[in-house]
Amino acid sequence: MSDGPWLVVGLGNPGPQYAGNRHNVGQMVLDELARRTGASFGSRSAGLLGRRPQAVTADVRLGTLPGGAPGPRVVLAKPTTYMNVSGGPVAALARYHDVPVERVVMVHDELDIPFADVRLKRGGGEGGHNGLRDTTKALGSKEYVRVRVGVGRPPGRQDPADFVLKDFSGAEKKDLPWLVDRAADAVEAVVLDGLEAAQLRFHTRS
């Protein structure tokens, strides 16, 4: 893996009323990564474009390299804007920390993946996900990594937009800590081992 930091972004909406929503599972994963590293989020990147960024960040070393050395430097970021305008903060942070698009990792909810599955890819379409669409526009590229956290399709004829803005069901909440932990493992695998190796691990049924 080449030198230089990574930018790992957890998508979601700001405010406690959204914190438990399916749409905020990306930020739940970022909270788990921060917990693992003993870090806390703060708006410490003052001076970004002459003002504080519209995100809270934590600068960490993620995972452990062979021999026990700390893993690569990673900027964990949670935008404090609404989901559909996530791109501006992501692009600003990438510029500020000199992170190329290939080392930007977006962690987000995914309707087209069954609940509790995690899938990884680089590039491709946004699948109607407004946070990804705005990020692609702001970065000027689709070639960032996506850690796609499955939340499943809504039941019956429920509007997908309403479904993702609801909290996980009681049954789902029992498995949610496992899902968040698995998605955090996937982020670490991408950073430590590369996307292809991570895909082999997380796309293979045990």
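Computed from a predicted structure; not experimentally measured. Counting from 1, residues in each chain are numbered in the order their sequence is written. Confidence filtering applies because this is a predicted model: local features only for residues at pLDDT of at least 70, side-chain atom pairs given and counted only at 80 or more, and all residues used for totals across whole chains, interfaces and linings. To get the side-chain values, take all heavy atoms of the structure and skip hydrogens and water.

1. Observations regarding the overall build of the protein chain
Right, so step 1: Helix and strand definitions follow DSSP, with helices as H or I runs of at least four residues and strands as E runs of at least two, each counted in order from the N terminus. Summing up its helical and strand segments, the protein chain has 6 helices and 6 strands in all.
Right, so step 2: The helix and strand sequence of the protein chain, counted from the amino end, reads β-α-β-β-α-β-β-α-β-α-α-α.
Right, so step 3: Relative to the 2.2 N^0.38 estimate, which gives 17 Å for 206 residues, the radius of gyration of the protein chain is 16 Å and therefore close to what a compact globule would have.
Right, so step 4: If you line up the protein chain on its principal axes, its C-alpha atoms span 45 × 40 × 30 Å.
Right, so step 5: Burial analysis of the protein chain (206 residues in total) assigns 50% to the buried set.
Right, so step 6: By the convention used here, residues are in contact when the closest approach between their heavy atoms is within 4.5 Å. Considering only intrachain contacts with a sequence separation of at least 6, the fraction spanning at least 24 residues in the protein chain is 70%.
Right, so step 7: Here, Shrake-Rupley sampling with a 1.4 Å probe gives the accessible areas, and only protein chains in the shown set may cover a residue. Summed over all atoms, the accessible surface of the protein chain reaches about 9,600 Å², with 50% contributed by carbon and sulfur. As defined in this context, the radius of gyration uses C-alpha atoms, and a globule is described by 2.2 Å times the residue total to the power 0.38. For each residue, the accessible area found with a 1.4 Å probe, counting protein chains only, is set against the maximum for its type, and the residue is called buried under 20%, exposed over 50%, and partly exposed in between.

2. Here we look at unusual backbone geometry
Right, so step 1: Its identity as a non-glycine residue notwithstanding, D98 has a phi of 55°, on the positive side.
Right, so step 2: Structurally, D98 can be placed in the loop between α2 (87–96) and β4 (104–110).
Right, so step 3: What makes D98 exposed here is its relative accessible area of 65%.
Right, so step 4: In this model, A116 sits at a positive phi of 85°, which is unusual for a non-glycine residue.
Right, so step 5: For A116, the location among the structural elements is in the loop between β4 and β5 (118–122).

3. Let's talk about the packing of helix α1 (residues 25–37) against helix α5 (residues 170–193)
Right, so step 1: For the pair α1 and α5, the least separation of the axes is 9 Å and the interaxial angle reads 70°. Relative to α5, the element α1 lies roughly perpendicular. Contacts between α1 and α5 involve V25, M28, V29, E32, L33 and R36 on the former and, on the latter, L176, V180, D181, A183, A184, D185, V187 and E188.
Right, so step 2: Each residue is assigned to one class: nonpolar for Ala, Val, Leu, Ile, Met, Phe, Trp, Tyr, Cys and Pro, charged for Asp, Glu, Lys and Arg, and polar for all the others, Gly among them. Of the residues contributing to the contact of α1 with α5, the split by class is 9 nonpolar, no polar and 5 charged. Only the contacting stretch of a helix is used when fitting its axis, a line to C-alpha atoms as for every element, and angles between N-to-C directions run 0 to 180 degrees. Each angle gets one of four labels, with under 35 degrees taken as roughly parallel, over 145 as roughly antiparallel, 65 to 115 as roughly perpendicular, and the rest as oblique.

4. Observations regarding the UniProt feature "active site" (unreviewed entry) in the protein chain
Right, so step 1: UniProt positions are given in the numbering used here, feature names are shortened, and annotations may be inferred rather than shown by experiment. In the numbering used here, UniProt assigns the feature "active site" (unreviewed entry) to H23.
Right, so step 2: Judged by relative accessible area, which is 13%, H23 ranks as buried.
Right, so step 3: Ignoring anything within four residues of it in the chain, the contact list for H23 reads L11, G12, N13, M83, D109, H129, V164 and L165.

5. A short note on α2
Since the α-helix advances by 3.6 residues per turn, residues separated by three or four positions end up pointing in the same direction.
Right, so step 1: Counting buried positions along α2 yields 7 of 10 residues, so the element is predominantly enclosed.
Right, so step 2: Inspection of α2 places G87, P89, V90, A91, A92, L93 and A94 among the buried residues, and these make up the whole buried set.
Right, so step 3: Residues of α2 that are buried in the fold lie against β1 (6–10), β2 (55–61), β3 (73–79), β4 and α3 (130–139).
Right, so step 4: Phi turns positive one or two residues past the end of α2, at D98, with a value near 55°.

6. Quick notes on the packing of α2 against α3
Right, so step 1: Closest axis-to-axis distance for the α2/α3 pair is 7 Å, and the angle between their directions is 40°. Comparing the axis directions of α2 and α3 gives the class oblique. In this structure, α2 crosses over α3, and the sense of that crossing is right-handed. Facing α2, whose interface residues are G87, G88, V90, A91 and A94, α3 presents D134, T135, A138 and L139.
Right, so step 2: Along the lines of polarity and charge, the residues of the contact of α2 with α3 split into 5 nonpolar, 3 polar and 1 charged. Should the near helix be turned anticlockwise from the far one by less than a right angle, the crossing is termed left-handed; should it be turned clockwise, right-handed.

7. What about the pairing of β1?
Right, so step 1: In terms of burial, β1 is a largely internal element, 5 of the 5 residues being buried.
Right, so step 2: A two-sided burial pattern is seen for β1, the buried positions comprising W6, V8 and G10 on one face and L7 and V9 on the other.
Right, so step 3: When DSSP finds at least two bridges between two strands, those strands are taken to pair. In this sheet, β3 lies alongside β1 in parallel orientation, the contact comprising 4 bridges. Along β3, the bridge assignment pairs V8 with L76.
Right, so step 4: Pairing of β1 with β4, which is carried by 4 bridges, proceeds in the parallel orientation. Within β4, the residue paired with G10 across the bridge is V107.

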